[in-house]
Amino acid sequence: MQDFSAAFGLAASLIIGFDADLIEIIALSLRVSLCAVLLSALIGFPLGALTAVLAFPGRQAIAVIMNALMGLPPVVVGLLVYMALSRAGPLGWMNLLYSPTAMILAQTILVTPIIAALSRQVMEDMHREYDEQFRSLCIPTRRVMTALIWDSRYSLLTVSLAGFGRAIAEVGAVIIVGGNIDHLTRVMTTAIALETSKGNLALALALGFVLLILALSVNAAVYSLRASAKRLSYA
Amino acid sequence: MPSVKGAPLLPLEIRSLCYRAGEETLLDKIDLFIETPGISVIMGANGAGKSLLLRIVHGLLEPQSGEVRWHGSTMDETLRRRQGLVFQKPVLMRRSVAANIDFVLKPMGGQYRQRRDQLLRQAGLARQWNQPARLLSGGEQQKLALARALATNPEALLLDEPCASIDSASTLQIETLLRDTRERGVKIILVTHDIGQAHRLADDVVFMHRGRILEHSPASRFFDAPVSTEARAYLDGEIIV
């Protein structure tokens, strides 16, 4: 109990005092995770729309693979990205290992299947509703896809949120490819892991609370946006 | 024979058309020849196969046997572009009223905003242009769906029960729009089981029962002296199964 109350107090003082280290860690966490989600959305939405709209042999198999990849173990992804970016790896010449870019890359690989699989489900349902009308109007596939992405934009925000949740809470991949270097690649989760290993449980818990507040804030913002869209029957 | 833009759409010719779903035959040896302009009304009780026939005529469904020809050409995308279809339950996009029309008009280029405003005025929806389409009343949604179908300047307009479960004011507006559209030379094929509406609009009537066409005749003859027992019973307001 003492740990919890100490953690609350510490978290409050860190936040209220605008602790510079904490702000830096939060900013990097947000930067890495938001960039990864943005990249994943750029890949995942069209992929989801494509598999929702096009009927081709192996479509079901792709859907199953996309669903299965939602459960990719972060450490495995971290290891694969590490091997690709290490000096001996095929992308070693880019010198990206232990950099925020490497962390973004790893998180993008983790989050893309989530966004693609969930957005496919959302757009498949909508396509079922629109399909006959679109065929009657002879809308080409590319326009069908963009229309589905635009019309399901509020549901896709929730999908992105699921991706963000995965990214911001993930530790296995970013610690392998980022190395948890102070002032360079230290994010909330890796900082928590470090403080826990040092036995500094109060600080680890305090960072955990901050992480929770962050996740809650993003969720609340998206929820209120979606609620107002629902009132207008756009969602 | 490939369809040629500019060639007339009519006659519509359906020969020996059959459609089955599993073991059940839903359309059975349909033969139909429509060559006159104006409004052809397809009537019949629920389950007669009217909506199904309309979808096949528009090329949204493939029959197991038989053929549909528009001016001698089998259905393809070029032909479908020359037609508009309004469904019984309007399919509106999750956008504003204006954006629903723009979706169709924008790719056609030109002064699409003027055309959109004109269509919305015709449909009596000018004031609702910025409202979310799916928040409109049933009648307004149907008028919007009709305006969107007209946006493509179709030469044939196919309508599946457009006035089912909407208020009489909207029904009146839709019927006025349909008459205006007919005056512009657009062929209209209207599916309905509303005898009053058929009376008001039909130039010729196709009567269907249990997946078969029992009669096709000019409206006046159909309503004055229906040939089949089923049509007589239907017009007398009896329940036919």
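This structure is a prediction, so every number in the text was calculated from the model and none was measured.

**Structural notes on the overall build of chain B**
The helix and strand inventory of chain B stands at 9 helices and 10 strands. A compact globule built from 241 residues would reach a C-alpha radius of gyration of about 18 Å, and chain B, at 18 Å, matches this within 12%. Dimensions of chain B, computed from C-alpha atoms along their principal axes, come out at roughly 50 × 40 × 35 Å. Split into buried and exposed, the 241 residues of chain B put 42% on the buried side. Within chain B, contacts between residues at least 6 apart in sequence are counted, and of these 67% link residues at least 24 apart.

**Let's talk about the overall build of chain A**
When its secondary structure is counted, chain A shows 10 helices and 0 strands. Ordering the α and β elements of chain A from the N terminus gives α-α-α-α-α-α-α-α-α-α. Within chain A, buried positions represent 40% of all 235 residues. Taking the contacts inside chain A whose residues are at least 6 apart along the sequence as the reference set, 79% of them involve residues at least 24 apart.

**Quick notes on helix α6 (residues 141-151) of chain A**
Restricting attention to buried positions, one finds in α6(A) the residues A:V144, A:M145, A:A147, A:L148, A:I149 and A:D151. In this structure, the buried residues of α6(A) make contact with α2 (20-53), α5 (100-136) and α7 (153-169) of chain A.

**Quick notes on the environment of B:F223**
All names here are of chain B. Of note, F223 is situated in helix α8 (residues 219-224). Spatially, the C-alpha atoms of F223 and L158 are 22 Å apart, while their sequence positions differ by 65 residues. Beyond its immediate stretch of four places on either side in the chain, F223 contacts H199 and L235.

**What to know about the pairing of strand β3 (residues 39-43) of chain B**
All names here are of chain B. In terms of residue burial, β3 counts as a mostly covered element, since 5 of its 5 residues are buried. Neither face of β3 is left uncovered, since the one carrying I39, V41 and M43 and the one carrying S40 and I42 both have all their residues buried. Two elements, β3 and strand β8 (residues 187-191), share 4 bridges in a ladder whose sense is parallel. If you follow S40 over to β8, its bridge partner there is I189.

**Points about the sheet that holds strand β5 (residues 73-74) of chain B**
Residue and element names in this part refer to chain B. What the 4 strands build is an open sheet, ordered β2-β1-β4-β5; its pairing is antiparallel. Of all strands in the sheet, those bounded by a partner on one side alone are β2 (24-34) and β5. Note that strand β4 (residues 65-70) and β5 share 2 bridges and pair antiparallel. When the sheet's bridge partners are listed, R69 is paired in β5 with T74.

**Some points on the nonpolar core**
By size, the foremost hydrophobic cluster in this structure holds 129 residues, and its most contacted members are A:V81, A:A106, A:L148, A:V177 and B:A147. Top element by residues in this core is α5(A). It accounts for 18 residues. Among residues more than four places away in sequence, those in contact with A:L148 are A:A49, A:A52, A:V53, A:M123, A:M126 and A:H127.

**Concerning the pairing of β4(B)**
Residue and element names in this part refer to chain B. Sheet analysis places strand β1 (residues 12-21) next to β4, joined by 5 bridges and oriented antiparallel. Following the sheet pairing, E13 is matched in β4 by R69. From the end of β4 to the start of β5, which pair antiparallel, there are 2 residues, and H71 there has a positive phi angle of about 50 degrees.

**Remarks on the interface of chain B and chain A**
The interface of chain B with chain A comprises 14 residues on the first partner and 13 residues on the second. Per-element tally for the side of chain B that touches chain A: the top contributor is helix α2 (residues 77-81) of chain B, with 3 residues. Taken together, the residues of the side of chain B that touches chain A sort by class into 7 nonpolar, 1 polar and 6 charged.

**Here's the deal with helix α10 (residues 201-231) of chain A**
Here α10(A) is 31 residues long and its end C-alpha atoms lie 44 Å apart, about the 45 Å a rise of 1.5 Å per residue gives. Of the positions making up α10(A), those classed as buried are A:L203, A:A204, A:L205, A:A206, A:L207, A:V210 and A:L211.

**A word on the sheet that holds strand β7 (residues 156-160) of chain B**
Residue and element names in this part refer to chain B. Spatial strand order, β6-β7-β8-β3-β9-β10: 6 strands in an open sheet with mixed pairing. Every other strand in the sheet has two partners, leaving β6 (83-86) and β10 (212-218) as the edge strands with one partner each. Sheet twist, expressed as the average angle between the axes of neighbouring strands with direction ignored, equals 15 degrees. In this structure, β3 lies alongside strand β9 (residues 204-209), joined through 4 bridges in parallel fashion.

**Brief notes about the confidence of the model for chain B**
Per-residue confidence for chain B averages 93 on the pLDDT scale, and 98% of its residues sit at or above 70. For this predicted complex, the interface confidence score (ipTM) comes to 0.91, while the overall pTM stands at 0.88.

**Focus: unusual backbone geometry**
A negative phi angle characterises most non-glycine residues, just as the trans form characterises most peptide bonds. Each neighbour pair has its own omega, and for B:L10 with B:P11 the value is 5 degrees, a cis peptide bond. Checked against the element boundaries, B:P11 lands in the segment before β1. You will see that A:F18, though not glycine, has its phi angle at about 45 degrees, which is positive. Inspection of the secondary structure puts A:F18 in the loop between α1 (2-16) and α2. For A:F18, a count of 8 C-beta atoms within 10 Å gives the class exposed.

**Brief notes about the packing of α7(A) against α10(A)**
Residues and elements named next belong to chain A. Two elements in contact, α7 and α10, have axes separated by 10 Å at closest approach and are oriented at 175 degrees. Accordingly, the angle class assigned to the pair α7 and α10 is roughly antiparallel. Residue-level inspection shows Y154, L157, T158, L161, F164, G165 and I168 of α7 in contact with α10, the latter providing L214, A215, V218, N219, V222, L225, R226 and A229. Partitioned by chemical class, the residues of the contact of α7 with α10 number 11 nonpolar, 3 polar and 1 charged.

**Focus: the environment of B:V41**
Residues and elements named next belong to chain B. Here V41 lies in strand β3. Take V41: there are 27 C-beta atoms within 10 Å of it, and that puts it in the buried class. Separated by 123 residues in the primary sequence, V41 and A164 place their C-alpha atoms 15 Å from one another. Excluding anything up to four places from it in sequence, V41 contacts L190, T192, A198, L201, A202 and V205.

Definitions and limits used
Residues numbered from 1 in each chain as written. Chains lettered and ligands numbered in written order. Predicted model: local features only at pLDDT ≥ 70, side-chain atom pairs only at ≥ 80, totals over all residues. Helix = DSSP H or I, 4+ residues; strand = E, 2+ residues; numbered from the N terminus. Rg over C-alpha atoms; globule rule 2.2 N^0.38 Å. Buried ≥ 20, exposed ≤ 12 C-beta atoms within 10 Å, placed from the backbone. Contact = placed C-beta atoms within 7 Å. Pairing = 2+ DSSP bridges. Core = buried A, V, L, I, M, F, W, Y, C linked by C-beta atoms within 7 Å. Nonpolar A, V, L, I, M, F, W, Y, C, P; charged D, E, K, R; others polar. Expected span 1.5 Å × (residues − 1). Axes fitted to C-alpha atoms, helices over the stretch in contact; angles between N-to-C directions. pLDDT = per-residue confidence, 0-100. Parallel < 35°, antiparallel > 145°, perpendicular 65-115°, else oblique.

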